[in-house]
Amino acid sequence: MKAKPRIGIYGLSSCAGDQLVLVNCEDELLTILEAVDLRSFVMAHSNNPEGELDVAFVEGAVTQESDLATLKDVRSRAQILIALGTCAVWGGIPYLSGLGTPLSDHVQVDYAITGCPIEKTQLLKALSSLLRGDLPLSLPHPVCLECTIRENDCLLQSGEICCGPLTAGGCNARCPSHNRACLGCRGASHDPNYESARRILEEHGYSVAEVRQRLALFSGKASVKEGTQVG
Amino acid sequence: MAKIHLDHISRVEGHGALTVKLDGNTVQEVKLNLFEGMRGFEKVVLGRSYTEIPAIICRICAICSAGHAITAHMAVEKALGISVSAQTELLRELAFLGMFIESHSLHVFALALPDYLGYDGIADMAQDHKDVVTTALQIKKTGNCVQELIGGRAIHHINTTFGGFGKLPSQAEINELREQLANRLSAMEGIVELLAGLSTPNYAGEEILFMAVRPAGEGYGFFGDTIVFSDGREFPAEQYQIAFQETENQYSNAKQSTIDGLPFMVGALARINLFGDRLTGKAAETLAKLQIPIPSKNALHNNLAQVVEIIYALERAIEICDQILAEGLQAEPLPDITPQTGQGIIATELPRGTLYHSFSFDENGLVTAADVITPTALNQASVEQEIAFIGASHAGQTEDQLKFLFERLVRAYDPCISCSVHVVQIKEGHKHTID
């Protein structure tokens, strides 16, 4: 990639949390701003030059015509388009309400960074990969694996509906490490253990429908049709 | 007739546009269009269990997500009769203070300050003022550290639960946090000096009204049971629906609020105007140093009022850390919850102003009605009123000058547009359908 890749950061319908994660990189922000040619970040900057982009980061779901117009315009100007956050990747809460759809329903998405919000570490790793001219690495494992590595007590085993076995990792099992069940806010894992999760949940008296309702909060289509993945 | 149009207001959260029609020095029309897409929180919460409400509702907004999460917990607790210990209240207050430090720092330093110093944003500003920007970012970061420690995550807290927390911070963590807060309080001194030297243009309108929650107790703060207007009217927070009136308009996705047809402003300036005399210590000194006339009717002073509140939040957070270090934290069992029919209404003060949450539940603890009114929705009518005022008082300026003035004024309200688009309002018995 060029010495200074041209970057654009956009928000469709969202809580702006994923754009905020970038601004929350307080220790790294000035270094990042020096390493890239920031062409658009309306939330943080006035008089944006726009134009051709090497990488576009797009947060949020498509819920209205203006979102779609922005997305198509950005796609037409960007070499690489990255979906940022659960709403952009899976549809999130707007998908569940029937109002919003993920970016991949409308345009080609080259890479997805999931999470509600995305994790700072994952964003920084992705940025450094891009600066080296690589696409970021995908994380196929579920939250459950990270939780096991941290040697947490299993919340499923204690009878809570924990979405850890089915949810995309990368948060270092944030919720279970605070004794709170995983809500599935990062969307579906690429390598989930459906059978095992189903068995454990059924043993504790939960139905698949209950778990699906919980997962559906964030996982969009993947929760409706088991095993559907975003590339 | 001249028409001034800003199609996407920059350096604010979310998507907003502004149209102003001027005829000589008469302003014919002001339309603030908050065109953020609706995300359907209405539909999602209805019929869902009380257990899921805070995690859903906090997604309305990232910047004040802690405020939404904690206020939603409080409203559910009120509806279901769940009592909360003094320790939990203290830790929740600490999380709130972290949100104030982070949110106000973001707005004052990264979004508003470039207007005062003549830059398009923090990236340009950092070229010439690297020390200020670096210090400001560290102060902002401390706000996030508070939230990480108490809330479990800076955005969309995961550690708060009904009646308590998933995990309590250790004394060592509180000690480290206290040190960091004290360092930032010292670092703010230089920043306050810089800001005290900058001039604030006079945008003062005549008719501007203010509203805020009266802090419980004698001191300053963000929690209480009574809402107060600057014309002397006050109401129990639970009666907010008779205190002011919400109306829809054709051009914006957010409802407007007025009291007897009059717009009102909420946020840091409203709080400082109404309760600034309760400030003590460095916060009171800063208020004097920044020369905000109390009461100030200049909405631009909201930026400086936020600076005063950053100091207040740092000082109060240090006090709380000291109390925790002296008394220790006790592991408290979480309450057993029996779902019951009920309604909980809570008003809190968030960085941008008053937030109202109201939830009703059936006997199984499923949501039957919900109402959320956010600070930016409340401020919408006030923004239009003040734009009309400065449009008239600055007639004769060029289109570019007026655009800058208008955008700067909108920005001073620190709008959070994701919050404002009519997020949740479902009435009992009226199933809200959108598609």
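Predicted, not measured: the structure shown is a model, and the values here were computed from it.

1. A look at the overall build of chain A
Along chain A, the regular secondary structure elements total 10 helices and 5 strands. For chain A, whose C-alpha radius of gyration is 18 Å, the value lies close to the compact-globule estimate of 17 Å for 231 residues. Principal-axis analysis of the C-alpha atoms gives chain A an extent of 55 × 35 × 25 Å. Scored against the burial criterion, the 231 residues of chain A give a buried share of 58%. Of the accessible surface of chain A, which amounts to about 9,200 Å², a share of 52% is contributed by carbon and sulfur atoms. Separation of charge centres in chain A, based on 20 positive and 27 negative side chains, amounts to 2 Å.

2. Some thoughts on the nonpolar core
Counting 158 residues, the largest nonpolar core has F57(A), L123(A), L18(B) and M188(B) as its most contacted members. Broken down by element, this core gets its largest block of residues, 16 residues, from helix α4 (residues 86–117) of chain B. Discounting residues that sit within four places of it in the chain, M188(B) has contacts with F109(B), I139(B), V307(B), I310(B), I311(B) and L314(B).

3. Looking at the pattern of salt bridges
One pass over the structure, following the stated rule, counts 32 salt bridges over all chains. A salt bridge links R48(B) to E52(B); the nearest nitrogen and oxygen atoms lie 2.9 Å apart. Note on R48(B): relative accessible area 5%, which makes it buried. Through salt bridges with shared partners, a single network forms among E26(A), K120(A), E102(B) and K140(B).

4. Let's talk about the packing of α4(B) against helix α6 (residues 130–151) of chain B
Residue and element names in this part refer to chain B. Running from N to C, α4 and α6 cross one another at 155°; their axes reach a closest spacing of 8 Å. In terms of axis orientation, α4 runs roughly antiparallel to α6. Regarding α4 and α6, the two cross each other, and that crossing is left-handed. Note on element contacts: α6 touches α4 through V132, A136, I139, K140, G143, N144, V146, Q147 and I150, opposite L91, L94, A95, G98, M99, I101, E102, S105, L106, F109 and L113. Of the residues contributing to the contact of α4 with α6, the split by class is 13 nonpolar, 5 polar and 2 charged.

5. With respect to the confidence of the model for chain A
Of all residues in chain A, 94% attain a pLDDT of 70 or more, and the chain-wide mean is 89. Below a pLDDT of 50 lies the segment residues 224–231 of chain A, which in the model reaches 15 contacts outside its immediate sequence neighbourhood of four places, other chains included.

6. What to know about helix α8 (residues 194–203) of chain A
Residues and elements named next belong to chain A. Those residues of α8 that sit buried are A197, I200 and L201. Projected onto a plane normal to the axis of α8, the buried residues spread over an arc of 95° and lie on a single side. Those residues of α8 that are exposed and aimed more than 90 degrees away from the buried face are E195 and E203. Structurally, α8 contributes buried residues whose contacts are with α9 (208–219). Just past α8, the residue G205 takes up positive phi, approximately 85°.

7. Some remarks on the interface of chain B and chain A
Between chain B and chain A, the contact holds 60 residues from the first and 45 residues from the second. Across the interface of chain B and chain A, roughly 4,400 Å² is buried in total on both sides, 58% from carbon and sulfur atoms. At the surface where chain B touches chain A, the tally comes to 4 salt bridges. Here R174(A) ties to E148(B) by a salt bridge, and the two come within 3.2 Å at their closest N and O atoms. The interface formed by chain B and chain A holds 26 residue pairs in polar contact (both at pLDDT 80 or more) in total. Looking at the side of chain B that touches chain A, the elements with two or more residues in it are α1 (41–45), α2 (53–57), α4, α5 (122–128), α6 and β4 (160–161) of chain B. Per-element tally for the side of chain B that touches chain A: the top contributor is α6(B), with 9 residues. For the side of chain B that touches chain A, a count of residues per class yields 24 nonpolar, 18 polar and 18 charged.

8. Observations regarding the side chain of T376(B)
Tracing the sequence through the fold places T376(B) in helix α12 (residues 375–393). Once you skip the residues sitting within four places of it in the chain, T376(B) turns out to touch L34(B), R352(B), D414(B), P415(B), C416(B) and S420(B).

9. Points about the packing of aromatic side chains
Residue and element names in this part refer to chain B. Tallied over the entire structure, the rule returns 12 aromatic pairs over all chains. Look at Y50 and F162: their rings are 5.5 Å apart centre to centre, the planes differ by 55°, and that puts the pair in the tilted class. Here the residue Y50 occupies a position in the loop between α1 and α2, and F162 occupies one in the loop between β4 and β5 (164–165), the gap between them amounting to 112 residues. Judged by its relative accessible area of 8%, F162 falls in the buried class. Relative to Y312, the ring of F222 has its centre 5.7 Å away and its plane inclined at 85°; by these criteria the two rings are edge-to-face. Taken as a pair, F222 in the loop between β6 (209–214) and β7 (226–229) and Y312 in helix α11 (residues 301–327) lie far apart in primary sequence, 90 residues in all. Y312 shares its class with F222; the two are buried. Here the aromatic residues F229, F235, Y240, F244, F264 and Y356 are joined through ring pairs into a cluster of three or more.

Calculation notes
Residues numbered from 1 in each chain as written. Chains lettered and ligands numbered in written order. Predicted model: local features only at pLDDT ≥ 70, side-chain atom pairs only at ≥ 80, totals over all residues. Heavy atoms only, no water. Helix = DSSP H or I, 4+ residues; strand = E, 2+ residues; numbered from the N terminus. Rg over C-alpha atoms; globule rule 2.2 N^0.38 Å. Buried < 20%, exposed > 50% of the residue type's maximum accessible area, 1.4 Å probe, protein only. Areas by Shrake-Rupley, 256 points an atom, 1.4 Å probe, with all protein chains shown as cover. Lys, Arg positive; Asp, Glu negative; His and termini not counted. Charge placed at Lys NZ, Arg CZ, Asp CG, Glu CD. Core = buried A, V, L, I, M, F, W, Y, C linked by side-chain atoms within 4.5 Å. Contact = heavy atoms within 4.5 Å. Salt bridge = Lys/Arg side-chain N within 4 Å of Asp/Glu carboxyl O. Axes fitted to C-alpha atoms, helices over the stretch in contact; angles between N-to-C directions. Parallel < 35°, antiparallel > 145°, perpendicular 65-115°, else oblique. Left-handed = near helix turned anticlockwise from the far one by under 90°. Nonpolar A, V, L, I, M, F, W, Y, C, P; charged D, E, K, R; others polar. pLDDT = per-residue confidence, 0-100. Arc of directions from axis to C-beta. Buried area = accessible area lost by both parts, 1.4 Å probe. Polar contact = N/O pair within 3.5 Å; in protein donor to acceptor, adjacent residues only side chain to side chain. Phe/Tyr/Trp six-rings, centres within 6.5 Å; stacked < 30°, edge-to-face > 60°.

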